[in-house]
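Residue-level listing of the chains:
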Amino acid sequence: MRLLMLGGTEFAGRAVVEAALGRGWDVTVFHRGTHAAPPGVREVLGDRTAPDGLRPLQAGAWDAVVDTWSAAPWAVRDAARLLRDRAGRYVYVSSCSVYAWAPPAGYTEDAPLVEGAEAGADHTDYARDKRGGELAAVEAFGADRSVLVRSGLIIGPYENVGRLPWWLGRIARGGPVLAPGPRELPLQYVDVRDLAEWILGAVERELSGPYNLISPQGHATMGELLGACVAAVGGTAELRWTEPGVILDAGIEPWTQLPVWVPPGSDLHDALHSADVSRALATGLRCRPVEETVADTWRWLQDIGGTAPMRPDRTSKGLAPEVEAEVLAAAEGEPGATS
């Protein structure tokens with residue numbers, strides 16, 4: 001199989017490239033040269049946002065294109081139009097953010113989508129940018145040759161968003177750790193390598209259409225995720241499980257200040273951890289144990305010196321130590337607030 005990866009040097013794109021090389025595919029990586037591409041690929045340098053920036057791709061043919069773009073949709077439109085007669089399938093890594101807010105628990109790929117997105121639009125916001133990218137892919141390749149990968153929370157090695165790396169770093173510092181409850185809170189996420197393997201399988205099976213691409217709800221719980229972090233890191237960290245109300249009353253922002261976590265029973269939890277993923281499971285999605293994801297991410301962090309790279313277009317994640325200490329101290333004075 002001949003694969004053209006648009007990007008391919010960071011996180012999801014890099015995972016796709018490494019998985020394709022592992023299958024013996026012929027891989028071309030089109031990128032700006034900001035980061036090193038994985039060894040074993042054919043590199044084509046260019047900037048898709050620059051005038052005439054796609055010129056290096058005017059020759060060549062591929063069985064599939066994978067695109068993870070998450071800014072102005074016109075960049076997807078221009079690439080897809082250029083490649084539609086020389087590539088068999090266009091796989092666009094989108095997001096569950098394309099659904100109109102707030103999708104109910106159990107929402108499927110048929111749930112209502114955000115309004116106001118356009119294939120040729122400039123950058124607006126993440127949800128409309130991703131939906132515009134979907135429209136651009138389908139416009140150029142048709143519904144029968146485009147795959148819309150609506151990913152949810154993605155974690156694993158190479159993460160450059162700061163969620164799992166923050167938890168691992170916090171636990172590595174040791175001491176009492178504000179652990180947002182309840183322990184049994186069901187999570188939905190996908191290891192970036194499982195995402196990559198599903199994408200390549202979709203190309204081989206000639207799939208098309210949209211897919212919610214995350215684990216089944218409850219593949220891991222908040223307790224299992226943080227427990228895996230403690231086991232991987234070792235050290236002196238002590239998880240202090242804290243009631244959601246205490247955390248919210250302290251003004252702590254779910255998802256950002258305490259990455260991954262959102263309070264149970266909220267619109268946030270329904271939207272971020274409650275999607276129906278039966279289509280993905282029926283077409284080959286396999287999700288590795290949370291312990292493996294966490295341990296491999298910790299190993300990668302150690303290999304690169306302990307600090308994960310951060311995308312400049314993403315907000316910083318994590319809770320300031322002084323805020324954590326204040327909340328833990330206050331919670332200890334409230335019966336039942338921590339455990």
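Here the structure is a predicted model, which is why all the values come from computation and not from measurement.

Novice: Which residues make up the sheet that holds strand β4 (residues 62-67), and what values go with them?
Specialist: The seven strands lie next to each other as β3-β2-β1-β4-β5-β6-β11, forming an open sheet whose pairing is parallel. With partners counted over all chains shown, the strands left at the sheet margins are β3 (42-45) and β11 (209-213), one partner each. Shown here is a sheet whose adjacent strand axes are inclined to one another by a mean of 20 degrees, direction ignored. Pairing analysis gives four bridges linking strand β2 (residues 26-31) to β3, with the strands arranged parallel. When the bridges of β3 are listed, His31 appears paired with Leu45. Most of the contacts of helix α2 (residues 74-83) go to strand β5 (residues 87-95), to which it runs at about 165 degrees, and overall it touches β1 (2-6), β4 and β5. Each of β1, β4, β5, β6 (146-151) and β11 is contacted by helix α5 (residues 192-205), which is oriented at about 160 degrees to β6, the strand it contacts most.

Novice: Pulling in residues and values, what's your account of the packing of helix α1 (residues 11-22) against α5?
Specialist: The relative placement of two packed helices is expressed as an angle between their axes plus a distance between the axes. At their nearest, the axes of α1 and α5 sit 8 Å apart, and the two run at 55 degrees to each other. One finds that α1 runs oblique with respect to α5. Crossing of α1 over α5 shows right-handed handedness. Across the interface between the two elements, Phe11, Ala12, Ala15, Val16, Ala19 and Ala20 from α1 touch Val192, Leu195, Ala196, Glu197, Ile199 and Leu200 from α5. Each residue belonging to the contact of α1 with α5 can be placed in one class, and the counts come to eleven nonpolar, no polar and one charged.

Novice: Just give me the short version of the pattern of salt bridges, but keep the residues and values in it.
Specialist: The tally for this structure, following the rule as stated, stands at 22 salt bridges. Between Glu197 and Arg23 there is a salt bridge, with its nearest N and O atoms 2.8 Å apart. Of this pair, Glu197 sits in helix α5 while Arg23 is found in the loop between α1 and β2, placing the two residues 174 residues apart along the sequence. Residue Glu238 pairs with Arg240 through a salt bridge whose shortest N-O separation is 3.0 Å. Classification of Glu238 as partly exposed rests on a relative accessible area of 41%. Salt bridges sharing common partners tie together Asp191, Arg193, Asp194, Arg288, Glu292, Asp296 and Arg299.

Novice: Describe in detail the nonpolar core, supporting the description with residues and values.
Specialist: Formed by 43 residues in total, the largest nonpolar core has its most connected members in Leu3, Trp198, Ile199 and Leu213. Listing elements by their share of this core, those giving two or more residues are β1, α1, β2, β4, β5, β6, α5 and β11. With eight residues, α5 is the largest single contributor of residues to this core. Once residues lying within four places of it in the same chain are set aside, the contact partners of Trp198 are Val147, Val149, Leu207, Tyr211, Leu213, Ala280, Thr283, Gly284 and Leu285. With 42 residues, the next largest nonpolar core counts Ile171, Leu187, Val290 and Ala308 among its residues.

About the criteria used
- Residues numbered from 1 in each chain as written.
- Predicted model: local features only at pLDDT ≥ 70, side-chain atom pairs only at ≥ 80, totals over all residues.
- Heavy atoms only, no water.
- Pairing = 2+ DSSP bridges.
- Helix = DSSP H or I, 4+ residues; strand = E, 2+ residues; numbered from the N terminus.
- Axes fitted to C-alpha atoms, helices over the stretch in contact; angles between N-to-C directions.
- Contact = heavy atoms within 4.5 Å.
- Parallel < 35°, antiparallel > 145°, perpendicular 65-115°, else oblique.
- Left-handed = near helix turned anticlockwise from the far one by under 90°.
- Nonpolar A, V, L, I, M, F, W, Y, C, P; charged D, E, K, R; others polar.
- Salt bridge = Lys/Arg side-chain N within 4 Å of Asp/Glu carboxyl O.
- Buried < 20%, exposed > 50% of the residue type's maximum accessible area, 1.4 Å probe, protein only.
- Core = buried A, V, L, I, M, F, W, Y, C linked by side-chain atoms within 4.5 Å.

Coordinates in, geometry out; function isn't part of it.
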